[in-house]
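A structural walkthrough
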Amino acid sequence: MVSSWDSYKTELLSKELEWSPVHTSEKFWRENVLKFEENGFEALSMLVGLLHSPNPQVLQIVCHDIGEFIRFHPRGRE
């Protein structure tokens, strides 16, 4: 069984983001926000890198996800 975090990371690696529950679920963000710290904030770096995507939907999702990271991470607003 693939975890929601694994699904999220796979989607980041594909660089083709879709509006799915991993982006819109408050439960996902509460349970997984600290995983963004793993491997030197690798997932967050991948997310920021996607800010250069020419795809408007990817840009919308990236901006949303960065906002959710800031909202749910204990140090997100520092």
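Residue numbers here run from 1 along each chain, matching the order of that chain's written sequence. Side-chain atom pairs in this predicted model are given and counted only at pLDDT of 80 or more, local residue features only at pLDDT of at least 70, and totals for whole chains, interfaces and linings cover all residues. Based on all heavy atoms of the structure, the side-chain values leave hydrogens and waters out of the count.

1. What to know about helix α5 (residues 56-72)
In this model, α5 (17 residues) spans 24 Å end to end at C-alpha, consistent with the 24 Å of a helix rising 1.5 Å per residue. Among the residues making up α5, those that are buried are V58, I61, V62, D65, I66, E68, F69 and F72. All buried residues of α5 fall inside an arc of 160° around its axis, so they share one side. Projecting away from the buried face of α5 at angles above 90 degrees are the exposed residues P56 and C63. A contact between two residues is defined here by any heavy atoms of the two lying within 4.5 Å. A run of H or I in DSSP counts as a helix once it spans at least four residues, and a run of E counts as a strand once it spans at least two, with each numbered from the N terminus. Residues of α5 that are buried in the fold lie against α1 (4-14), α2 (21-24), α3 (26-32) and α4 (38-49). Distance and chemistry together define a polar contact, namely a pair of N or O atoms within 3.5 Å, with one atom able to donate a hydrogen and the other to accept it when in protein, and with adjacent residues in sequence counting only for side-chain atoms on both sides. The backbone nitrogen of Q57 has a side-chain oxygen 2.8 Å away, supplied by the residue at the start of α5, namely N55. In this analysis, the expected span of each helix is defined as 1.5 Å times one less than the number of residues it contains. Each residue's exposure class comes from its accessible area (1.4 Å probe, protein chains only) as a fraction of the maximum for that residue type: buried when under 20%, exposed when over 50%, partly exposed otherwise. Directions are taken from the helix axis to each C-beta atom, and the arc is the one they span.

2. So, the packing of aromatic side chains
Here the aromatic set is Phe, Tyr and Trp, taking the six-membered ring for Trp, and pairing holds for ring centres within 6.5 Å; pairs whose planes are under 30 degrees apart are stacked, those over 60 apart are edge-to-face, and all others are tilted. Per the stated rule, a full pass over the model turns up nine aromatic pairs. Considering the side-chain rings of Y8 and W29, the 5.9 Å spacing of their centres and the 80° angle between planes classify their relative orientation as edge-to-face. With Y8 in helix α1 and W29 in helix α3, this pair connects stretches of sequence that are 21 residues apart. A single burial state applies to Y8 and to W29, both of which are buried. Taken together, W5, Y8, F28, W29, F36 and F69 form an aromatic cluster joined through their ring pairs.

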